[in-house]
Amino acid sequence: MKKNIITYFLIIIGILISIIIYLSLIGIETDKFNDTIKDKVSQNNNQLDIQLKKIKLTLDPFNFKINAKTIGTKLIFQKKVVELESIKTKISFNSLFKNKLVSSNFIVSTRSVLLKDLVGFLRVTTNRAELFFLEKSIEKGYAIIDLELSFDKDGNIKKDYRIKGLLKDGKISLLNDYNLENINFSLNIENDNYNFKEIKFSTNDIDFFSDSLKIKKNKKEFFVEGYIENEKSILNDKLLNLIKLNFNNVNFVDIKFASKNDFSFNLNKKLKFKNLTITSKILIDETEYYKPEILNDYFSEVKDKINLKDHKIEAIYKKDYLSIKGTGKIQLEKDFDEIDYSVSKINDKVDFDSNIKISELKIKNQKNIKTFFPKIKETINLKDHQVNIKFKDNSLSIKGSGKIQLEKDFDKIDYSISKTDDKVNFDSNLFLNKTSFQVDNINFKKKKDSKLKLAVSGNYEKTKGLILDQFMISTKENDIKLKNLLIDKYRKIVKFDEINLDYYDSENKRNKLTLKRLQKNNYELNGSIFNANKLITDLLKSKDDKHSRIFNNNLNLNFNLAEAYIDDDNIVKNLKGNFYIENN
């Protein structure tokens, strides 16, 4: 008897174990919960309907739960169908006996569904108003999603939902003319945190990809931050306008670039963004820049399109501020030259600082300098120049040094030019070796092989005229200095403070004298020797009074010369007197 009881007990235990194994591994199918699930879905949102097949139940003996899973379910809303791969949940043992679904968690896996339909489904199930605008923006795309939902005791969806999924071949129209195409990524959403990985998309014919994009919901807005890069592409105006990076009168063509960018911005529920911040490292393979028309008057052989290549740029953009620092090569004529630069832009205010090494550059000869350089060529050549260009507070400055070819040989020159409003300041030193130079008015001519330094500084205003703070000619034997010469806009001399002359003229005669302004239009001339031969000859030859009219005002001149040549052989000594020059 005892033996039989043990046998029956073992048989029962075996049967129970077999049933548990069967229910755990194979399970059973039932539709007894279908109506309950439909009611629960409708209770959460009356726009949703669900078509269920039988639910497969498997036992979870270790957690005293029953795994429930259905395959091939269809969600229907607004006459649209979303096909699901499966719905999974865990229910209590009491559900079987009470014929009532008691579960606080569902895992929904979709098949490959249209992105637009999926976003619409999420919008109605989560009541997210911002998804309405996203749904309207979606043009195409497919998604596979795993959605984990939790319910409170009243059957409402909690905010701790989780979403994992993949998006393939998406297209979204965010703004006019700004589309995101070929969108692919994986995502993980928990509560109000959105994490995107393995991102790829195209916009305006540029392919971008990223390993990380994070979105955090803050009350009424979303905060977006991430990293994005692109391989060599052509940058177009639409993308520049999107982030408001536009410069007046700066025209680049076909910018071929690659970039790595860290960015962040705020996005509202209508998908309008603000507080955009971008930190970028950009490689520009090549681009072209249209030459400003003003250069045509001075640079004869600079191409209509200036070429740039191999530029490395670091850029920071934040709200109304842009900073750019870069190095690369620039082609003005035949060869490429090295250039570095920094640009900052705050609202409409632009500051610029650049250094460029110019190997060769040709300048058109300006006719007015032929008076001083009688053998000058039609084109002036610059060689091996180091130039700094700055633009700040509406003021442009250019500083440089290098070689200059006026005739056959190259000479040295340094220069500084600045322009603020209508005023141009200049300061230049020219060092001549074999180049010809003359000042015809005082009969000065540089000897062929002598070295000469010409220093000129001053400023020019169109309404006021030219002011020469200093005009100096210096050689081993000659020294000519002029201070504070003012020439009006009609090219007439208004005044000068002092002229010091100590030189040998073209007749090889010594001239040593000083001409000073005493007050207003009163001047005094003192000197030990002066060759007046050419001056007298020019006055006698002149038939047009206007030809010698060089002064704006009438002048009173007192002179005292120890010796004065009146021709090649005759000298007047102790020449003293007074001239009153009128209308001359």
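Our structure is the block above this text.
Residues numbered from 1 in each chain as written. Predicted model: local features only at pLDDT ≥ 70, side-chain atom pairs only at ≥ 80, totals over all residues. Heavy atoms only, no water.

So, on to the overall build of the protein chain. Helix and strand counts for the protein chain come out as 7 helices and 35 strands. Classification of the 584 residues of the protein chain by burial places 39% in the buried group. Once local pairs closer than 6 in sequence are excluded, the contacts in the protein chain between residues at least 24 apart make up 47%. Total accessible area on the protein chain stands at roughly 35800 Å², and carbon and sulfur atoms take up 52% of it. (Helix = DSSP H or I, 4+ residues; strand = E, 2+ residues; numbered from the N terminus. Buried < 20%, exposed > 50% of the residue type's maximum accessible area, 1.4 Å probe, protein only. Contact = heavy atoms within 4.5 Å. Areas by Shrake-Rupley, 256 points an atom, 1.4 Å probe, with all protein chains shown as cover.)

A word on the side chain of Asn 307. Counting through the fold element by element, Asn 307 comes out in strand E17 (residues 305-318). Taking relative accessible area as the criterion, Asn 307 reaches 16% and is therefore assigned buried. Side chain to side chain, Asn 307 and Gln 331 meet in a polar contact 2.5 Å long. (Polar contact = N/O pair within 3.5 Å; in protein donor to acceptor, adjacent residues only side chain to side chain.)

Take the pattern of salt bridges next. Across all of its chains, the model carries 16 salt bridges by this definition. The salt bridge involving Glu 360 is made with Lys 362; its shortest N-O contact spans 3.2 Å. A relative accessible area of 17% means that Lys 362 is categorised as buried. For Asp 502, the salt bridge goes to Arg 510, with nearest N and O atoms at 2.9 Å. With relative accessibility at 22%, the residue Asp 502 sits in the partly exposed group. (Salt bridge = Lys/Arg side-chain N within 4 Å of Asp/Glu carboxyl O.)

Once that is clear, we can look at the pairing of strand E21 (residues 379-392). Judged from the 12 bridges that link them, strand E20 (residues 349-364) and E21 form a sheet pairing that is antiparallel. Within E21, the residue paired with Leu 361 across the bridge is Leu 382. Where E21 and strand E22 (residues 395-405) come together, 10 bridges link them in antiparallel fashion. Across the sheet, the residue bridging to Phe 391 is Leu 396, located in E22. The turn joining E21 and E22, which pair antiparallel and follow one another in sequence, is formed by 2 residues; a positive phi near 50 degrees is taken by Asp 393. (Pairing = 2+ DSSP bridges.)

All told, the structure shown has 10 aromatic pairs when counted by the stated rule. Here Tyr 194 and Phe 222 contribute two aromatic rings whose centre-to-centre distance is 6.0 Å and whose plane-to-plane angle is 80 degrees, an arrangement assigned as edge-to-face. You can see Tyr 194 sitting in strand E12 (residues 193-203) and its partner Phe 222 sitting in strand E14 (residues 221-235), a full 28 residues away along the chain. The residues Tyr 194 and Phe 222 share a single accessibility class, namely buried. Centre to centre, the rings of Phe 372 and Phe 437 are 6.1 Å apart; their planes meet at 15 degrees, and the pair counts as stacked. With a gap of 65 residues between them, Phe 372 in the loop between E20 and E21 and Phe 437 in the loop between strand E24 (423-432) and strand E25 (438-439) connect regions that are remote in the sequence. (Phe/Tyr/Trp six-rings, centres within 6.5 Å; stacked < 30°, edge-to-face > 60°.)

Turning to the side chain of Gln 331, a few remarks are in order. Following the sequence through the fold, Gln 331 ends up in strand E18 (residues 321-331). Residue classification places Gln 331 among the buried residues on the basis of a relative accessible area of 8%. A polar contact of 2.9 Å, which involves the side chain of Gln 331, links it to the backbone oxygen of Lys 334. Beyond its immediate chain neighbours, meaning those up to four positions away, Gln 331 contacts Lys 303, Ile 306, Asn 307 and Phe 336.

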